[in-house]
Amino acid sequence: MIDLNPSMLQCAYPAPSDAFVARMGRLLHALPAEKEKPMKRHLFRAALIAALILATLCTAAFALTRPAVLDWLLADAPASPQLTSAAQYVHSESSADGVTVRLTSLVYDGTQLAFAYEVENADPTHPALVLLSSDLIVAGQPTSVPHYVTNTGDARLVPSPHLDVLPVQRNPLTGGGWSNTIDTSLTGTVSGVAYFDVYRPEKAFAVLIPADSDFYNESIDGEYRAELDDALATLRRFTDVLLVDGSEADADAWAAQGYTVLGQSGRPVFPVDDPRSHVVQTARIAVPFTFDADNAFSCDFSGTAFPTEDCTVQVKQFLMTPLVTRIHIQLLPVENTEAAARALAGSLGPFTLTDGTGQPVVYSKMDTMYSMHPTIACRDGRWLVRYVEELPGLQAFPASIGFTVSTGDLFRFDIPRPE
C-alpha cells in the first residue's frame, strides 16, 4: 500500500490556474439561492465545487496516463477498449551526435506494431534533421516500416518550428510509426530495434518564408498570432539557420549555394537522399525495445467460402484488430462471363460493416482513405467481383459483424468475447 502524504499529493497535480479559480468563483456565484438554512447551502456549494475539482483532476490524471501512441493514432479522439488494452508503455532510449531518441509506447495487434517516440536535441540552438528509418527488427527478423511513413522527405527538424496550437512540444519532438505486417506469430516478451538517422547541413539551413506567409500578416491577432510568433521565435533562436524571403520556387537557387533548404515548418524541400539537400548523415541511432505480444486482440475470419444462389463467396481475408480492418472478398458468379460479373457487382453495390442490430459500425478516427465499392477482375480466365479494402480498427467490437450489401447481409460472423 502507498502512503500518500500531503507533500506527495501536492506534487501529484499542478496548482489550479488563475482561469480555473476564476471559473469556479463564477460558478459559485451563479448557483441559485436555496431556501434552506445557511449552513446547508454552504455545504451544498462546497460539495459541488469539490466534486468539480475532483472531476477535473481525474480528467487530467487520465490524460497524463494515456499512452502517447494512442494520441499519435487518434489525436484527441477516444480509443476503443480493445485498443486501450493493447497499448503498453515502453521505456527505451539511445543517443548519438547530441540527439536522444526514446520509444515511449506501442500497440501490437497480432499482425503489426504502432509506436510513439520522442526526439530530443541536447543543443537546441543547433537543430538537426531526424528521420525514422524504414529498417525495423522485430523478434530478430527484418520487418520494416512502410515507405509512406519513412519517406526521405519527411525528416523532421529538432527542435521543430512547426505551427500548432500552443503549447507546442518542440524539443523533444513527438512522432510515431507503423510496422509492415509481421507474418510470424509472436507470443510472450518480444524484442525489437527501431532505427533513426540524424542529418546535419554541410553549410547551414536556409528556411524559405514566402512574402504572403501568415508570419508577416500584421492583421492577425489573438491565439493564432501567439502561435505564429512562437514558431517564428523558434526559428530565430537557431544559430546556423538563415531565414530568407522566398518560396519553394527559389529552392534550387539556394541549394546551388550549398544550403540545406527547408520550408517554414522545418521540413526539407529536397529529400535527404537528394544531392540538392546538402546534408551529411552524422549518426544512426538504434533504439532497442521489448513488448508483451500476449496483449494482442484480433478476430480473423479469413479462409472461409460458401455458395449462394448467384455466386460463390470466398473470404480471402477478413481480419479485425484494434488497429486495422482488412477485407479481401471474392465473389465468383455462377455464369463465368464479364456481363454476369458486372450484373452481380451492380446488384450488390458498396458494402457496409454492421453490428448485430444492422447499424453501421464506427471506426476509430485514424487517417486513411477508402472506398466500399466492388471492382471487376478476370483472373486466370475466371471473372470475379472483388471487395478489397483496409479500414481503421473499430471504435467498439460488437457481438457480431455483418458484411452488408444492398441486398442484405452477404455473411455475418460472431465476434468472440475476450476470456
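Anything mentioned here points back to the structure above.
What counts, and at which threshold
Residues numbered from 1 in each chain as written. Predicted model: local features only at pLDDT ≥ 70, side-chain atom pairs only at ≥ 80, totals over all residues. Heavy atoms only, no water. Salt bridge = Lys/Arg side-chain N within 4 Å of Asp/Glu carboxyl O. Buried < 20%, exposed > 50% of the residue type's maximum accessible area, 1.4 Å probe, protein only. Helix = DSSP H or I, 4+ residues; strand = E, 2+ residues; numbered from the N terminus. Arc of directions from axis to C-beta. Contact = heavy atoms within 4.5 Å.

Caption draft 1: Inspection of the pattern of salt bridges at higher detail. One pass over the full model with this rule turns up 14 salt bridges. Measuring nitrogen to oxygen at the nearest pair gives 2.8 Å for the salt bridge that ties Arg66 to Asp71. A relative accessible area of 13% places Arg66 in the buried class. Take Asp71: its relative accessible area is 37%, and that puts it in the partly exposed class.

Caption draft 2: Quick look at helix H8 (residues 338-348). Buried residues of H8: Ala340, Ala341, Leu344, Ala345 and Leu348, and no others. Buried residues of H8, viewed axially, fall in a sector of 135°; they line one side. Opposite its buried face, H8 presents the exposed residues Ala339 and Gly346, each directed more than 90 degrees away. Against the buried residues of H8 lie strand S15 (311-320), strand S16 (324-333), strand S18 (375-379), strand S19 (382-392) and strand S20 (400-405). In the stretch just after H8, Gly349 is the one whose phi turns positive, near 70°.

Caption draft 3: How the structure looks around unusual backbone geometry. Residue Pro159 is reached from Val158 by a cis peptide bond, and omega for that bond is -5°. Structurally, Pro159 is set in the loop between strand S6 (156-158) and strand S7 (173-178). Omega for the bond connecting Leu166 with Pro167 falls within 30 degrees of zero, at -5°, which places this linkage in the cis form. Located in the positive-phi region is Asp97, a residue other than glycine, with phi close to 50°. Looking at where Asp97 falls in the secondary structure, it is placed in the loop between strand S1 (87-96) and strand S2 (99-108). Taking the relative accessible area as the measure of exposure, Asp97 reaches 34% and is therefore partly exposed.

Any functional reading would require information that these geometric values do not contain.
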